[in-house]
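The lines below spell out each chain.
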Amino acid sequence: MKRAILGSVYHTPVLGSFERLENALVVFDTETGLIDRVSTPEQPDYSAQIQHFENIFCLEKLKNGQYLLPGMIDLHIHAPQWPQAGKGLDLPLDQWLQTYTFPLESRYQDIEFAKSIYPRLVNTYLSHGTTTAVYFATVDVDASVYLAKECLKQGQRAFVGKVAMDEKSMCPDYYVDDDYQASIDLTEHFIQNVRALNGNDGLVEPIVTPRFVPTCSREAMKGLGDLAQKYQCAVQTHASESDWARDFSAKKYGKTDVELYQEAGLLGPRTLLAHSIFLTQNDLDIVKHHGSSLAHCPLSNIFFANAALPCRELLDNNIQLGLGSDVAASPYPSLFRSCFDAVTHSRARENGVDYHLSSEQRGTQDARITLLEAYWMATVGGAKSLQLNTGIIHPGRLFDAVCIDSTHEEFNIFPELDSAQDIFEKIIAYTDRNHIIKVWVNGQAVKQSI
Ligand code: GUN
Ligand code: FE
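All residue numbers refer to positions counted from 1 along the written sequence of the respective chain. Whichever chain is written first is A, and whichever ligand is written first is 1; the rest continue in order. Residues qualify for local features only when their pLDDT is at least 70, as the model is predicted, and side-chain atom pairs are given and counted only at 80 or more; totals for whole chains, interfaces and linings, by contrast, use all residues. Only hydrogens and water are removed before side-chain values are computed, so all heavy atoms of the structure are retained for them.

Some details on the packing of aromatic side chains
Two rings from Phe, Tyr or Trp (for Trp, the six-membered ring) form a pair when their centres sit within 6.5 Å of each other. Planes less than 30 degrees apart are called stacked, planes more than 60 degrees apart edge-to-face, and all others tilted. Enumeration according to the criterion identifies 15 aromatic pairs in this entry. On the basis of an interplanar angle of 45 degrees and a centroid distance of 5.0 Å, the ring pair of Tyr10 and Tyr67 is categorised as tilted. Taken together, the residues span a long stretch of sequence, with Tyr10 in strand 1 (residues 2–11) and Tyr67 in strand 5 (residues 66–70) at a distance of 57 residues. Relative accessibility thresholds used throughout: buried, under 20% of the residue-type maximum; exposed, over 50%; partly exposed, between the two (1.4 Å probe, protein chains only). The class of Tyr10 is buried, set by a relative accessible area of 0%. Judged by relative accessible area, which is 7%, Tyr67 ranks as buried. Consider the rings of Phe28 and Phe399, whose centres lie 4.2 Å apart with planes at 20 degrees: the pair is stacked. Taken as a pair, Phe28 in strand 2 (residues 19–29) and Phe399 in the loop between helix 14 (371–385) and strand 15 (401–405) lie far apart in primary sequence, 371 residues in all. Its relative accessible area of 0% is what places Phe399 among the buried residues. Of the aromatic side chains, those joined through ring pairs into one cluster are Tyr10, Phe18, Tyr67, Tyr375 and Phe424. In this scheme, Lys NZ or Arg CZ marks a charge over a ring once it lies within 6 Å of the ring centre and within 35 degrees of the ring normal. Cation over ring: Arg246 sits above Phe278, and NZ or CZ is 4.6 Å from the ring centre. Helix numbers and strand numbers start at the N terminus; a helix is a DSSP run of H or I with at least 4 residues, a strand a run of E with at least 2.

Now the structure itself:
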C-alpha cells in the first residue's frame, strides 16, 4: 500500500551541506519499504497527488514546525551495558571491562535478565530516532538471539552480534567462550538462528563480532573471518581504541589491530572498526583498500581513548565514517547527542587543551568539523558503512525516517531571526526523545506519540 506525508524535509545528501524541501509530498510503499516519489509544489501533478492520497485517507500532514528527517544510524552500541549507562566511568578501559562490564555482561546467561533489559533498550533507541542500530550483544547465544528477536518485534533495523572472546588470559573464567572453536561454532550457530527468525526478511542481520584483539585468539579471528565470507555477514570490532589497546597488539604480535584483522580476513566493505584512534597511514591504506569503515564514538573517546580522532582529515581523505553512541562508555543513547559531541571533540582537538603551550603548539589547525558534517555521518555515512539503501529522503531509498516537532520551547527557534540552516542546526543540537513524534522503519510506523 502507498502512503504519503506532506511536510518539510531536512537531510544532507552531500557532506557539508544540507537540503530543505518545503511542503514536500513523500510517497512510500508500506510493502517494499521504499520511497516511491518525493514531489515539491512546482511539479505539475503535485496538487492532484495530494488530493489522491487525501481521498484514500493515506495522507499525513505535518504541522508547521514539524520536519521529516532520515532516521539515525548508530554504528556502535553495547546492548548489555545499558544498565551501566551513566555510571562507572572512573576507570581506564582495561580495568573498566574487568571491574564493571564483564560481570554485567555475564548476567545475560540468564535469559530472564536479558528479558528485563533488552526491550527497554530497543525502545529507548527507537524513541531517540535510531532506525538502524548496530549492537554488540554478549558471549551467550540465546540472549543474543533474543536481542535480535526484540529488534524484529519492535521493528528496528538492526545488526546484532554474538560477542566472540576466547582468550583465557584476558577474560574472566565466568565470561569466555570455551576455546577458539567454540567462538567460531557458536557464532555460526548464531548467524543461522538470526537468519532463520520468523518474519525476518533481512531487517535484522547477524554481524560477526570478535570483541577486540586482547580477548580474541588469532585462530578465533581467522575462523570468524572465514564465517563472514561464507555467510556474507557484516563485521564489527574495536580497533586501536586507546594507548593500552594499541600497545597490547604491538607487544603481543608486533602488528597493529588493522593488520591483524586484515590477516584474519575480517576486513570487507561492511566491516565497522570502532574508535580507530591510533591508526597508522598503512592502517588507513588497508581500511580504504577493503572499503571498511570507522565508527566514531566521540564522547566515549573522551573517557577511554587517551587521544582524539582526526575526524577532519579522515573525512577529507574519503575514509568511510559513521557515528556511534557507544553506550555504556558514554551515557547517551542518542545519535543527535553524538553529532554534537563529534563537533566538540573536533573543536577540543583544534584548540588543544594545555594552556602552558602557545596557541600554535596547543592544538591542530583546521581540525574542526561542522554539525552538518556530523549529521551526514549519522545518516549518509552510516548507510554507506553498512551498504544500506537509506540515509536520505529520496525516491528509491528505504523509508527510514523520523518526524521532529521543533515547536517545543527548548528548540529556541526564532523564525524571524533563524535561517533554514540555523533551524536545522538547532534541530540537530536540541532534539531529544520527547521531540520525536513518529519513527518509521522500512515504511512502517514503529513509534508514534501523537
Ligand atoms: N573494547 C573492548 N570491549 C569494549 C567495550 O565494551 N567498550 C569499549 N568502549 N571498548 C571496548
Ligand atoms: Fe565499544
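There is more to say, and it comes next.
Observations concerning the packing of helix 5 (residues 180–195) against helix 6 (residues 218–230)
How two helices pack is summed up by the angle between their axes together with the distance between the axes. Here the axes come from fitting lines to C-alpha atoms, over the contacting stretch only for helices, and the angles between their N-to-C directions go from 0 to 180 degrees. One can describe the packing of helix 5 onto helix 6 by two numbers: an axis separation of 8 Å at closest approach and a directional angle of 20 degrees. As far as their axial angle goes, helix 6 and helix 5 are roughly parallel. Between helix 5 and helix 6 lies a crossing of right-handed hand. Together, Tyr180, Ser183, Ile184, Thr187, Glu188 and Ile191 of helix 5 and Glu219, Ala220, Gly223, Leu224, Leu227 and Lys230 of helix 6 make up the contact between the two elements. In terms of residue class, the contact of helix 5 with helix 6 is built from 6 nonpolar, 3 polar and 3 charged. Orientation labels follow simple angle bins: below 35 degrees gives roughly parallel, above 145 gives roughly antiparallel, 65 to 115 gives roughly perpendicular, and whatever is left gives oblique. Handedness of a crossing follows from how the near helix is turned relative to the far one, being left-handed for an anticlockwise turn of less than a right angle and right-handed for a clockwise one. Any two residues whose heavy atoms approach within 4.5 Å are treated as being in contact. Only Asp, Glu, Lys and Arg are considered charged in this grouping, and only Ala, Val, Leu, Ile, Met, Phe, Trp, Tyr, Cys and Pro are considered nonpolar; every other residue, Gly among them, is considered polar.

A few points about the coordination of the iron ion (ligand 2)
Donor criterion used throughout: N, O or S atom within 2.8 Å of the metal, extended to 3.2 Å for Na, K and Ca. Water excluded; incomplete-looking sites may result. Surrounding the iron ion (ligand 2) are the protein donor atoms His76 (NE2), His78 (NE2) and His238 (NE2), at 2.0 to 2.2 Å. In the primary structure, the donors to the iron ion (ligand 2) are separated according to the pattern H-x1-H-x159-H. With His78 in strand 6 (residues 72–78) and His238 in strand 11 (residues 234–239), the pair connects residues that are 160 residues apart, well separated along the chain. The exposure class assigned to His238 is buried, which follows from its relative accessible area of 6%.

Details of the site of ligand 1
Surrounding ligand 1, one finds 13 residues, the nearest of these being His78, Gln81, Arg211, Glu241 and Asp326. What qualifies as a polar contact is a pair of N or O atoms within 3.5 Å, subject to a donor-acceptor requirement within protein and to the restriction that residues adjacent in sequence count only when both atoms come from side chains. In this structure, Arg211 approaches ligand 1 through a side-chain N or O atom, which is 2.7 Å from an oxygen atom. Per-element tally for the shell around ligand 1: the top contributor is helix 2 (residues 93–106), with 3 residues. In the shell around ligand 1, the residues fall into 6 nonpolar, 4 polar and 3 charged. We define proximity as follows: a residue is near a molecule or strand when any one of its heavy atoms falls within 4 Å of that partner.

A closer look at the nonpolar core
We call a set of buried residues a nonpolar core when its members are Ala, Val, Leu, Ile, Met, Phe, Trp, Tyr or Cys and they connect through side-chain atoms within 4.5 Å of each other. Counting residues in hydrophobic clusters, the biggest one holds 116 residues, and the most contacted among them are Leu69, Tyr135 and Val160. Counting 16 residues, the second largest nonpolar core, distinct from the first, contains Val26, Leu62, Leu68 and Phe399.

Describing the pairing of strand 15
Strand 15 sits mainly inside the fold: 5 of its 5 residues count as buried. Along strand 15, one buried face is formed by Ala401, Cys403 and Asp405 and the opposite face, lined by Val402 and Ile404, is buried too. We treat two strands as partners when DSSP finds at least two bridges between them. Pairing between strand 15 and strand 16 (residues 436–441): 4 bridges, direction antiparallel. Within strand 16, the position partnered with Ala401 by the bridge is Trp440.

Observations regarding helix 2
Since the α-helix advances by 3.6 residues per turn, residues separated by three or four positions end up pointing in the same direction. Here the bend at a residue means the angle between the axes of two seven-residue stretches, the one that ends at it and the one that starts at it. Of all the bends in helix 2, the largest measures some 35 degrees and sits at Tyr100, one to four residues before the proline Pro103. Of all the positions in helix 2, only Leu93, Trp96, Leu97, Thr101, Phe102, Leu104, Glu105 and Ser106 are classed as buried. As for helix 2, its buried residues are in contact with strand 6, helix 3 (111–127), helix 7 (243–253) and helix 10 (298–304).

Looking at the packing of helix 14 against helix 15 (residues 420–430)
Across the interface, helix 14 lies against helix 15 with an axial gap of 10 Å and an inter-helix angle of 55 degrees. Accordingly, the angle class assigned to the pair helix 14 and helix 15 is oblique. Helix-helix and strand crossings are classified by hand; for helix 14 and helix 15 the assignment is left-handed. In this structure, helix 14 uses Leu371, Leu372 and Tyr375 to contact helix 15, whose residues at the interface are Gln421, Phe424, Glu425, Ile428 and Ala429. In the contact of helix 14 with helix 15, the residues fall into 6 nonpolar, 1 polar and 1 charged.

Focus on the pairing of strand 6
In terms of residue burial, strand 6 counts as a mostly covered element, since 7 of its 7 residues are buried. Here 5 bridges tie strand 6 to strand 7 (residues 130–136), and the two strands are oriented parallel to one another. For Asp74, the partnering residue across the bridge sits in strand 7 and is Ala133.

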